[in-house]
Amino acid sequence: MTLDQFEARAREFLESRCSRRGPVATEWGSGEERLALFHETTDEQERAEAEAALAWQRERWAAGFGWITGPVEHGGAGLSAEHDRRYREIEAEFDVPDMAPLRIGLGTVSHALLAAGTPEQIATHAVPLHRGEAVACQLFSEPEAGSDLAGVRTRGVRDGDTWRVDGQKVWTSNATFADIGLALIRTDPDAPKHRGLSMFLVPMNTPGIEVRPLRQMTGGASFCEVFLSDVRLDDALRLGEPGSGWKVATSALAGERRAVGDRSHEMNARAMALLATLAQRTGRADDPAVRDAWVSLHSRLQIARFQQQRMQATDERTLTGAERAIDKVLLAANYKLIGDLAAELLGPAFVADTGEWGTFNWNRWLMGSMGYRIAGGTEEILKTMLAERVLGLPREPQEMKR
Ligand SMILES: Cc1cc2nc3c(=O)[nH]c(=O)nc-3n(C[C@H](O)[C@H](O)[C@H](O)COP(=O)(O)OP(=O)(O)OC[C@H]3O[C@@H](n4cnc5c(N)ncnc54)[C@H](O)[C@@H]3O)c2cc1C
């Protein structure tokens, strides 16, 4: 199907189901402030949002837009990444539920299943994610293994056709309502670190799994600790060969970085419009330091946008991972600089709530930007990767690595 035919079908579907989104309010004092970079909701709201996202995903699936790049034999449309991108662009014009609760499943976990799963595993675990029947989470990070992900200690010991798993995961988004988790587990403690890992699909209702939400400095609790005690997993839940967990994790993380970088442009444009008004309202619009910061930020945002467009125009199969790392580093740095400028303009009103619209809540933007610098690979790790593998700079001394 040509892109034009596809676009016409997508528009027809969306127009028949949803209303168009009104312009995002950039006018001072009107509408929701929407300055939080991370969703801060109660557990109940989070579940309701997940339900709404699942219902919309079911509609997408029924209309043939549920898995645009997915294999035809599994119910996907078998179309290109460009078709997928075009669909997301068109859908953004319409008032549809926030799909954030499904992003890990549709991006990271589905990606890993396609890369390493058997046809049966794809049918059993990836297809329900795209049909809007299940939510997934990613059980990778641990207290002692974040940047050094290959250092995971959660142990899996084979016992006939099952594995006994014990350990702890942390920072798991969606864990309170996920149906399935993609878990990186150490199955051979004697093998070199990267080769002793295996990947598993963990039904989150398996006995022995305990999920504890973590309270963040922003007040929300959008991710969790997950404790696994004597959890029994069938060998059919192993994704890829024993010992191939690192390879599967790498393909999953490529999907994650793509999902992180995709959706920032509109938010940043609105933030810049609000900052310009804020500068006028605080009497700082003529301050050379403020003007300098604003223009520099504007240029950085344009560069990030062009980089993103260049990446999106590149054939998915030729992307090396570096493009997504650049995208993510630029995105996170720009979020922080926007928050810094708001703090500069607001002074004490940044930390003390005066009740005035569009002021105090900027601190939620700045605090949220810290999360973006960490999630999906920290800035330091990505910069080291780019320095060594793209710029060809001398490698980091090994003794510095844990
Ligand atoms: C919003 C959010 C959502 C997340 N969701 C999930 C999820 O769903 N599932 C999941 O598994 N994980 C998730 N994470 C966890 C995330 O992947 C980790 O936080 C991240 O990999 C960093 O690990 P860490 O927190 O252990 O920090 P550490 O690895 O301890 O790093 C601490 C600091 O040291 C620096 N550092 C570490 N090693 C080096 C080095 N060799 N060179 C230079 N600097 C170094 C890091 O860059 C960082 O600044 C999430 C995190 C966030 C913020």
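Rules of the game
- Residues numbered from 1 in each chain as written.
- Predicted model: local features only at pLDDT ≥ 70, side-chain atom pairs only at ≥ 80, totals over all residues.
- Heavy atoms only, no water.
- Domains from an automatic or database assignment.
- Helix = DSSP H or I, 4+ residues; strand = E, 2+ residues; numbered from the N terminus.
- Contact = heavy atoms within 4.5 Å.
- Near = heavy atom within 4 Å.
- Polar contact = N/O pair within 3.5 Å; in protein donor to acceptor, adjacent residues only side chain to side chain.
- Areas by Shrake-Rupley, 256 points an atom, 1.4 Å probe, with all protein chains shown as cover.
- Nonpolar A, V, L, I, M, F, W, Y, C, P; charged D, E, K, R; others polar.
- UniProt positions renumbered as here; feature names shortened; annotations may be inferred.
- Core = buried A, V, L, I, M, F, W, Y, C linked by side-chain atoms within 4.5 Å.
- Buried < 20%, exposed > 50% of the residue type's maximum accessible area, 1.4 Å probe, protein only.
- Expected span 1.5 Å × (residues − 1).
- Arc of directions from axis to C-beta.

On to the domain arrangement of the protein chain. Many analyses report the size of an interface as the accessible area lost when the parts associate. According to the domain assignment, the protein chain consists of domain 1 (3-102 + 123-131), domain 2 (137-250) and domain 3 (264-400). Placing a centre on the C-alpha atoms of domain 2 and another on those of domain 3 gives a separation of 31 Å.

Tracing the backbone shows Thr-378 in the loop between helix H10 (362-374) and helix H11 (379-390). The contacts of Thr-378, once residues within four sequence positions are left out, are Ser-147 and Arg-373.

Taken together, 19 residues lie near the ligand, and Gln-138, Ser-147, Trp-171, Thr-378 and Glu-380 sit nearest. Contact between the ligand and Trp-171: a nitrogen atom at 3.0 Å from a main-chain N or O atom of the residue. The contact in question runs from an oxygen atom of the ligand to an N or O atom on the side chain of Glu-380, over 2.6 Å. Burial of the ligand by the surrounding chains reaches 72%, relative to a free accessible area of 970 Å². For the shell around the ligand, the secondary structure elements donating two or more residues are strand E3 (162-173), H10 and H11. Among the elements that take part in the shell around the ligand, E3 stands out by supplying three residues, more than any other. Taken together, the residues of the shell around the ligand sort by class into eight nonpolar, eight polar and three charged. Summarising the domain contributions, the shell around the ligand has at least three residues from each of domain 2 (137-250) and domain 3 (264-400).

In the UniProt entry, the feature "domain: Acyl-CoA oxidase/dehydrogenase middle" (unreviewed entry) is given for residues 137-231. When the span residues 137-231 is considered, its composition is 0% helix and 52% strand, and the gap between its end C-alpha atoms is 17 Å.

Moving on: the nonpolar core. Grouped together as the largest cluster of nonpolar side chains are 46 residues, with contacts concentrated most on Phe-140, Leu-182, Leu-184, Met-199 and Met-204. Domain assignment of the residues forming this core places at least three in each of domain 1 (3-102 + 123-131) and domain 2 (137-250). Those residues in contact with Leu-184 that sit more than four places away from it in its chain are Leu-139, Phe-140, Glu-142, Leu-149, Val-152, Lys-169, Leu-197, Ser-198, Met-199, Gly-245, Trp-246 and Ala-249. Residues Leu-275, Leu-297, Ala-342 and Phe-350 belong to the second largest nonpolar core, which totals 27 residues.

The end-to-end C-alpha distance of helix H1 (residues 3-17), which contains 15 residues, comes to 21 Å, matching closely the 21 Å that a straight helix rising 1.5 Å per residue would cover. Turning to H1, its buried residues number three or more, namely Phe-6, Glu-7, Ala-10, Phe-13 and Leu-14. Mapping the buried residues of H1 onto a view down its axis gives an arc of 130°, with all of them on the same face. Away from its buried face by more than 90 degrees, H1 exposes Asp-4, Glu-12 and Ser-16. Summarising the contacts, the buried residues of H1 are in contact with helix H2 (43-62) and helix H3 (81-91).

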